[in-house]
Structure formats: structure tokens, C-alpha cells
Amino acid sequence: MQYSTRINTRFRKDKKFKAEIFSDGINANKVAVDYKREITEVDSTTKRTYRLASGGGLAMIIK
């Protein structure tokens, strides 16, 4: 079973932040150590949807 979650970053309207995101990889439902690392810029208009494997997750570090 797979799930999805939507992340909305409406916190500071006047600033951009660097985000390091760890999310489930394409085979995470079969291989528990499969993940994807992404570094991107986020601001108050950023909206993203992530696919989550059953028992999986998502971590985001915002600087």
C-alpha cells in the first residue's frame, strides 16, 4: 500500500530557505533502505507532493 502527503511551506513570506529532503525511493516498498535525497530552495509558495511507501516516511531539514 502506498500513501502520499502534501507539504506546504507557508511560514515566512519574505525569505527563501534551503531544504534537504529525504523521501522514500521508488523501491522503498520492497527495499527498506531505498530513499531519495534532494536539496532544493523553498519559500512561502512551495507546495510539493511526496509518495510514501507503507511504513515509510519523509524527513525535511530547513535552514
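All figures in this text were calculated on a predicted structure; none of them were measured in a lab.

K.L.:
Looking at this model, I keep getting lost on the pattern of salt bridges. Mind explaining?
P.N.:
Two side chains of opposite charge can pair, provided their charged atoms sit close to one another. Under the defined criterion, the tally for this structure stands at 3 salt bridges. Between E41 and K16 there is a salt bridge whose closest N-O contact spans 3.8 Å. One end of the pair, E41, is in strand β3 (residues 35-42); the other, K16, is in the loop between β1 (2-8) and β2 (17-24), and 25 residues separate them in sequence. R37 is the partner of E20 in a salt bridge, and the nearest nitrogen-oxygen pair spans 2.7 Å.

K.L.:
Would you take a moment to explain the nonpolar core for this structure?
P.N.:
Side chains of nonpolar character tend, in soluble globular proteins, to be buried together. Among the nonpolar cores identified, the biggest contains 5 residues, and these are F17, A19, I21, V42 and Y50. When residues in this core are grouped by element, the largest group, 3 residues, is from β2.

K.L.:
Help me understand a positive patch on the surface, please; the structure alone is not making it clear to me.
P.N.:
A cluster of basic residues, R6, R10, K13 and K47, forms a positive patch at the surface. Mapped onto the fold, R10 is located in the loop between β1 and β2.

K.L.:
Could you clarify how one ought to interpret the environment of A28 in this entry?
P.N.:
By the secondary structure assignment, A28 is in the loop between β2 and β3. Classification of A28 as buried rests on a relative accessible area of 12%. In this structure, the C-alpha to C-alpha distance between A28 and L52, residues 24 residues apart in sequence, is 8.3 Å. If sequence neighbours within four positions are ignored, A28 has contacts with D34 and A53.

K.L.:
Before we go on, may I ask you to explain the sheet that holds β3 in this structure?
P.N.:
Backbone-to-backbone hydrogen bonds join strands into a sheet, with any given pair of strands oriented parallel or antiparallel. An order of β3-β2-β5 is seen for the 3 strands of this open sheet, with the pairing classed as antiparallel. Among the strands making up the open sheet, the edge pair consists of β3 and β5 (58-62). Across the sheet, the mean angle from the axis of one strand to that of its neighbour is 15 degrees, orientation sign disregarded. Of the strand pairs in this sheet, β2 and β5 are connected by 5 bridges, and their pairing is antiparallel. Residue pairing in the sheet places E20 in a bridge with I61 of β5.

K.L.:
It is not clear to me how the packing of aromatic side chains should be interpreted in this structure. Could you clarify?
P.N.:
Between two aromatic rings, the relevant description is the distance of the centres plus the angle of the planes. According to the stated counting rule, one finds 1 aromatic pair in the structure shown. When the centroid spacing of 6.0 Å and the interplanar angle of 50 degrees are considered together, the rings of F22 and Y35 count as tilted. A residue pair is termed long-range when its members are at least 10 positions apart, and F22 in strand β2 and Y35 in strand β3 qualify at 13 residues. Since its relative accessible area comes to 26%, F22 is described here as partly exposed. The exposed category is assigned to Y35, whose relative accessible area is 53%.

What counts and how
- Residues numbered from 1 in each chain as written.
- Predicted model: local features only at pLDDT ≥ 70, side-chain atom pairs only at ≥ 80, totals over all residues.
- Heavy atoms only, no water.
- Salt bridge = Lys/Arg side-chain N within 4 Å of Asp/Glu carboxyl O.
- Helix = DSSP H or I, 4+ residues; strand = E, 2+ residues; numbered from the N terminus.
- Core = buried A, V, L, I, M, F, W, Y, C linked by side-chain atoms within 4.5 Å.
- Buried < 20%, exposed > 50% of the residue type's maximum accessible area, 1.4 Å probe, protein only.
- Patch = residues over 30% accessible without salt bridge, like charges linked within 9 Å, V, L, I, M, F, W, Y side chains within 5 Å.
- Areas by Shrake-Rupley, 256 points an atom, 1.4 Å probe, with all protein chains shown as cover.
- Lys, Arg positive; Asp, Glu negative; His and termini not counted.
- Charge placed at Lys NZ, Arg CZ, Asp CG, Glu CD.
- Contact = heavy atoms within 4.5 Å.
- Pairing = 2+ DSSP bridges.
- Axes fitted to C-alpha atoms, helices over the stretch in contact; angles between N-to-C directions.
- Phe/Tyr/Trp six-rings, centres within 6.5 Å; stacked < 30°, edge-to-face > 60°.

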